[in-house]
Every structure is written in structure tokens, then in C-alpha cells.
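# Survey of secondary and tertiary structure
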Amino acid sequence: MKTKLWVVLFSIAAWVTFNPVMADTDSKKLQALTKEVRVLKAQVDALQKSVAVLEAMKPTVTGLMPSFSERFHVMHYAGEAGDWAVAAHELLAMREMVEVISAVDPEKGALMQGFMTGSFNKINAAIEHGNGKSFNQALDDTVKNCNACHDAVGSKYIQVTLDAKNSLSMRHSHKFIDSEMMGKHMHKHN
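Computed from a prediction, not measured in an experiment: that's the story for all the values here.

### What about the overall build of the protein chain?
Along the backbone of the protein chain there are six helices and zero strands. Across the protein chain, helices and strands are ordered from the amino to the carboxyl terminus as α-α-α-α-α-α. Scored against the burial criterion, the 190 residues of the protein chain give a buried share of 31%. Restricting to contacts in the protein chain with at least 6 residues of sequence separation, those with at least 24 account for 55%.

Shown next, in the form of C-alpha cells:
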């Protein structure tokens, strides 16, 4: 983009140099256009800096999943209590998060949509009908889908659970299991 702007400015300068018989109004128009190109170049430079800052702040799927998990469990407990409005709200928020995840990582987002669409539809139907039994069955199916998705992306050691006493935390509720670290040892011992 910068190269194109400089080519335009150079072309204008060359044209002016080789066309000295230019009318005064043409000269003024050219000066105005040159000034406008400089302003646009400064705006493009500022936008490029802003985009670089935003890219550095871009969330990751791993960073978004605790929020997704938290909403899942709020929905779970709201449904158990028969608070269908809160359950519906949390389900909507989870659907929106899948869209965000799809924007952040299209491949994992598509995979997540594939695993979650059927579950979301079943949960939604149970919420709309206020059917606790269907809701609990849909939750159980969803947990299986979540764990299958984790397995598909190479994170089978992250297992979702509905049982809070076996959970790491409510913020990122996964059950504790025996697992091996992925990759190499990450820190050094002194």
C-alpha cells in the first residue's frame, strides 16, 4: 500500500516537471491532490499500526474456552433450578461465543459448530418446553460432544464434567484425570 502511494506521488511530480505549461487551476488541483494523498497515507499508516495492536490482542480458542465453560455450567445449574430464562440466556451467549471462536480460528470454529449444533438444538428445545428430563439428557449428550471435540483437536486430557466436586474449577470445569504432559518439559530446574 505504501509503495502504491509513493508511486502516485512520484508520477504526479514527474508529470508536473514535464508539463510546465500547466494552468494555474491545474497546479492548485495537483497541490490539493498531493496534500490529500499525504493525508490518506498518514491515515493508512495509522490504521496499519492499529491493526497490528489488535492482532497482538487477538484472543485464542484456548483463552475463550473458560468463558464458554462457565456459561455452560451456569446454564446447567439454571436448568436444574428451573430458571429457564437464565438457561436460555446462557445458551444464546454460548452460540455467540462459537461465532467468535469461528472468527478467531475458522478450522476449530467449524469443528466446534459441527460438534455443538445438534447439542444446542436439543438443549434449546428442552429449555423452550421447560423439560428438565430432556434438558439433563441434552446436557449429558453435550458433555460427550465436548469431550469428543477435545479429543479431535488433540486435547483429550481436558474432559468436561457436570460433577462440580470432580472439577478443577467452576470457571473451567474439567474433571481431574491421570494424563501426560504434551510436548517437552517446559521449564528448567536449578
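Back to the text.
### So, the environment of D105
Tracing the backbone through its elements, the reader meets D105 in the loop between α4 (84-104) and α5 (106-129). We classify D105 as partly exposed; its relative accessible area is 23%. On a C-alpha basis, the gap between D105 and P59 in space is 9.6 Å, while along the polypeptide they are 46 residues apart. Within polar-contact distance, the side chain of D105 engages the backbone nitrogen of K108 at 3.2 Å.

### Examining the side chain of N147
Within the secondary structure layout, N147 lies in helix α6 (residues 132-152). Apart from the residues within four sequence positions on either side, N147 is in contact with I158, Q159 and V160.

### Considering the packing of aromatic side chains
Aromatic ring pairs: the centre-centre distance and the angle between the two ring planes describe each pair. Across all of its chains, the model carries two aromatic pairs by this definition. For the ring pair F68 and F120, a centre distance of 6.4 Å and an interplane angle of 45° mean the geometry is tilted. In this pair, F68 sits in helix α3 (residues 61-80) while F120 sits in helix α5, placing the two residues 52 residues apart along the sequence. Ring geometry for W84 and F135: centres 5.3 Å apart, planes at 80°, overall edge-to-face. Within this pair, whereas W84 is found in helix α4, its partner F135 is found in helix α6, the two being separated by 51 residues in sequence. Of the two residues, W84 and F135, neither departs from the other in class, the shared state being buried.

Calculation criteria
- Residues numbered from 1 in each chain as written.
- Predicted model: local features only at pLDDT ≥ 70, side-chain atom pairs only at ≥ 80, totals over all residues.
- Heavy atoms only, no water.
- Helix = DSSP H or I, 4+ residues; strand = E, 2+ residues; numbered from the N terminus.
- Buried < 20%, exposed > 50% of the residue type's maximum accessible area, 1.4 Å probe, protein only.
- Contact = heavy atoms within 4.5 Å.
- Polar contact = N/O pair within 3.5 Å; in protein donor to acceptor, adjacent residues only side chain to side chain.
- Phe/Tyr/Trp six-rings, centres within 6.5 Å; stacked < 30°, edge-to-face > 60°.

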